[in-house]
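Read off the chains here:
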Amino acid sequence: MTTIAFLGIGLMGRPMAARLAQPGYPVRAWNRTHAKAEALRGSGAEPVADLGAAVRGAQVVISMLEAGPVVGAVLDAALPALAPGTLWIDMSSTRHDEALAFQARLVAQGCRFMDAPVSGGVGGAEAGTLAIMAGGEAADFYQVVKILEAMGKPQRVGPVGSGQVAKLCNQLIVGATLNVVAEALLLAQAAGADPAAVREAIRGGFAGSRILEVHGQRMLERNFVPGGQVKSQLKDLRNVLAAAEAAGLTLPVTELVTRQYETIEASLPTADHAAALLALEQMNPGIRLGNSADQLS
């Protein structure tokens, strides 16, 4: 079977690599902090401490890293060990222009590239139900579609870079909806309604959404243990605004949502992005959703 080097064993990377090992793919797991890769040993993946050893001879390299600059640094370090024809799939969230730059570096080395960012959070990674938005050549996509299907539902959305555009569209909707759900629940609380009952009442109507379902419940429970983190949501929203500027667009709602998250960037960077509720409560002193203690870790 295809040998896969999986680079980046974080909150998302760990369950994704484990899902790949389950069908029997030979998976080499590498992380800058090797102990995180070592924790995968029982899953069927092989922890490898040296980056060159991890990618050498692998037909497919998958990166799931913090941001574009980290992907670029790891890619540059791995390049000398890559065999010609290697397909590098970056599943991190980066900028469109960064994805194109990664492709250029790999093509110059005789390798191939696909950007395939994901949505669905840690729960989706654990369940193998991630939405996977792939940008790349059709032949490359169909070569690895079974590999991607071990982690979720892949969809090719266009040439290289298109996956990151799709992810930005996803994050724009997610970030805005999280803030709107927080406003709705806090309004219900402040106006004297039962916010849990209000959420239940509107779930089946046009306001129903996965965000209301999952993160509305998180807000009611005041459960801000990460999944998707505030700092990651902010990174994505800033990338949305950069893409919009490059395209000559003004996105006023995204600008507002970005500013809202920036109010908790320093104090709650690793909280779940449902902490949009906490940012809203800061603007409304004395109004708080429910009586539960905040869960942050």
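Residues numbered from 1 in each chain as written. Predicted model: local features only at pLDDT ≥ 70, side-chain atom pairs only at ≥ 80, totals over all residues. Heavy atoms only, no water.

## Digging into the packing of helix H8 (residues 162–190) against helix H13 (residues 276–283)
It is the contact of H8 with H13, at a shortest axis distance of 9 Å, that shows an interaxial angle of 50°. In terms of axis orientation, H8 runs oblique to H13. Here H8 and H13 pass one another in a crossing that is right-handed. Contacts between H8 and H13 involve Leu178, Asn179, Ala182, Glu183 and Leu186 on the former and, on the latter, Ala276, Leu277, Leu280 and Glu281. Considering only residue class, the contact of H8 with H13 consists of six nonpolar, one polar and two charged. (Axes fitted to C-alpha atoms, helices over the stretch in contact; angles between N-to-C directions. Helix = DSSP H or I, 4+ residues; strand = E, 2+ residues; numbered from the N terminus. Parallel < 35°, antiparallel > 145°, perpendicular 65-115°, else oblique. Left-handed = near helix turned anticlockwise from the far one by under 90°. Contact = heavy atoms within 4.5 Å. Nonpolar A, V, L, I, M, F, W, Y, C, P; charged D, E, K, R; others polar.)

## Observations concerning the pattern of salt bridges
Taken as a whole and judged by the stated rule, the model has 15 salt bridges. The partner of aspartate 272 in a salt bridge is arginine 218, and the shortest N-O contact between them spans 3.7 Å. With a gap of 54 residues between them, aspartate 272 in the loop between helix H12 (252–262) and H13 and arginine 218 in helix H10 (residues 210–221) connect regions that are remote in the sequence. According to the relative accessible area criterion, arginine 218 is buried, its value standing at 16%. Residues joined in a network through salt bridges with shared partners are Arg222, Glu281, Arg288 and Asp294. (Salt bridge = Lys/Arg side-chain N within 4 Å of Asp/Glu carboxyl O. Buried < 20%, exposed > 50% of the residue type's maximum accessible area, 1.4 Å probe, protein only.)

## Thoughts on H8
Taking 1.5 Å per residue as the helical rise, H8 with its 29 residues ought to reach 42 Å, and the 42 Å between its terminal C-alpha atoms agrees with that figure. Directly after H8, the chain includes glycine 192, whose backbone phi takes a positive value near 95°. (Expected span 1.5 Å × (residues − 1).)

## Brief notes about the layout of surface pockets
If you add up the space inside the largest pocket, you get close to 1400 Å³. Around the largest pocket, the lining comprises 48 residues; the ones closest to its centre are Met12, Gly121, Gly227, Gly228 and Gln229. Residue assignment for the lining of the largest pocket shows that the elements contributing at least two residues are strand S7 (118–119), helix H6 (121–127), H8, H10 and helix H11 (230–246). No other element matches H8, which puts six residues into the lining of the largest pocket. (1 Å grid on protein atoms, 1.4 Å probe; cavity = no way out; pocket = protein on both sides within 12 Å on 5 of 7 lines; lining within 4 Å. Points joined across faces, edges and corners; volume = space filled by probe spheres on them.)

## Quick notes on the packing of aromatic side chains
The full count for this structure, using the stated rule, is two aromatic pairs. Measuring from centroid to centroid gives 6.1 Å for phenylalanine 102 and phenylalanine 113, while their planes differ by 70°, and the two rings are edge-to-face. One end of the pair, phenylalanine 102, is in helix H5 (residues 96–108); the other, phenylalanine 113, is in strand S6 (residues 112–115), and 11 residues separate them in sequence. Accessibility assignment for this pair places phenylalanine 102 and phenylalanine 113 in one class, buried. Both rings, one in phenylalanine 141 and one in tyrosine 142, keep their centres 5.1 Å apart while their planes meet at 75°; by these two values the pair is edge-to-face. (Phe/Tyr/Trp six-rings, centres within 6.5 Å; stacked < 30°, edge-to-face > 60°.)

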